[in-house]
Amino acid sequence: MPQPLHPLAQKLIDDAHASPRPNAHLLPVAEARANFDGDLGGLAKPPVARVVDVVVPTRDGAELPGRLFLPDGAGDLPLTVYFHGGGWLLGSIESHETTTRLLALASGAAVLSVGYRRGPESRFPTAAEDAYDAVVWAAEPGHLPGVDVTRIAVAGDSAGGNLAAATALALRASGAVALRHQLLVYPVTTCDLSIGFDADYEGIMLYRDELQWHQDNYLASPADATDPRVAVLDADLAGLPEATVVLAECDPIRPQGALFAKALADAGVPVEVCETPGMIHGFFGLEELFPTAVDSMRFAGERLAAAFSRDGS
């Protein structure tokens, strides 16, 4: 039975349904991107001690934009590498700058936001490889100012949560970086919408056809839908770093995060879940719109801070 939306979330949904603007999946990708960035880019940006733009190299010679947020100018800080959401097609460093700044302040850690390549111009596995390459590069001493490269976590929301989880799996396999934590905010964990979509919340920020549109524009072939770098829910999860999973109660892809949290726990990975009642997909970091989002950001920050404070030997 569907749960009631928070009144502020209900108003946002009502306003969206009343708008003449078509939903993202009914528009050209470029127009959908512009709308996405325009909707989020105007949010207030809380001040941090220092912001540094960097260039992140990849294995194939591409250069990715990165933006480092340092909440404190004293000493070397632990680092969270963040991957924005947007269905692997939309979103950017700019669209998620409020969120990444808030996460830096809440955790006391530096946050590196990575502008990975998106579909359909760059299809799978490009984004997954970019995410991995960014963490390995960031872990090299001297690449980022004011960062302690012995304490690193990954984080992301929605499709960015998928990239964070895929990166944790790839790093476990390679041993290139020993992660302290993975923060996964309403993550995409499967392309199987028979288990990964709650029809009770159809049209509450996301439509089933919209999710299929994202997959069709990201995956290079239908077979990629079962690749463990996409379908992380079906991967062997044993030995991964501890995790925090943030969920929104009224999110049609809530099942994907809930199933992944259970799978992590079943694999012996320490995991804690924070679910916000009445909230919708995309709420994390939108404290300007949803005051209740403060609690989930605080929880995420505390979990990262605790992971960074423990002996990592």
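Above this text sits the structure in question.
Notes on the structure follow.

Definitions and cut-offs
- Residues numbered from 1 in each chain as written.
- Predicted model: local features only at pLDDT ≥ 70, side-chain atom pairs only at ≥ 80, totals over all residues.
- Heavy atoms only, no water.
- Helix = DSSP H or I, 4+ residues; strand = E, 2+ residues; numbered from the N terminus.
- Rg over C-alpha atoms; globule rule 2.2 N^0.38 Å.
- Buried < 20%, exposed > 50% of the residue type's maximum accessible area, 1.4 Å probe, protein only.
- Contact = heavy atoms within 4.5 Å.
- Areas by Shrake-Rupley, 256 points an atom, 1.4 Å probe, with all protein chains shown as cover.
- Pairing = 2+ DSSP bridges.
- Right-handed = clockwise from strand over helix to strand, strands pointing away.
- Core = buried A, V, L, I, M, F, W, Y, C linked by side-chain atoms within 4.5 Å.

On a plain count of helices and strands, the protein chain comes out with 9 helices and 8 strands. Radius of gyration (C-alpha) of the protein chain: 18 Å, near the 20 Å computed for a compact globule of 313 residues. Counting only C-alpha atoms, the protein chain reaches 50 × 40 × 40 Å along its principal axes. Residues counted as buried form 57% of the 313 residues belonging to the protein chain. The contacts of the protein chain with a sequence gap of at least 6 include a subset with a gap of at least 24, amounting to 79%. Approximately 12,200 Å² of the protein chain is accessible, and the part contributed by carbon and sulfur atoms is 54%.

The buried count for strand β7 (residues 243–248) comes to 6 of 6 residues, which makes it a mostly enclosed element. Of the two faces of β7, the one carrying A243, V245 and L247 and the one carrying T244, V246 and A248 are both buried. Sheet topology places strand β6 (residues 181–185) next to β7; 4 bridges connect them, and they run parallel. Bridging across to β7, L183 finds its partner in T244. As judged from the 6 bridges shared by β7 and strand β8 (residues 271–276), these two strands associate in the parallel manner. The residue bridging T244 from the neighbouring strand is E272, located in β8. What joins β7 to β8 is helix α8 (residues 254–266), and the crossover it makes is right-handed.

Residues G119 and P120 are joined by a peptide bond in cis, for which omega reads 0 degrees. As for its position among the elements, P120 is in the loop between β4 (110–114) and α4 (126–138). A cis amide bond, omega 15 degrees, links F124 with the succeeding residue P125. With respect to the helices, strands and loops of the structure, P125 is situated in the loop between β4 and α4.

Here the focus is the nonpolar core. Judged by nonpolar contacts, the single largest core of 66 residues is most densely connected at L68, L79, F83, V135, L144, L163 and Y218. If sequence neighbours within four positions are ignored, L68 has contacts with R50, V51, V52, L79, A110, V111, L112, L144, P145 and V147. One finds L40, L103, Y186 and Y201 within the second-largest nonpolar core, a separate group that totals 34 residues.

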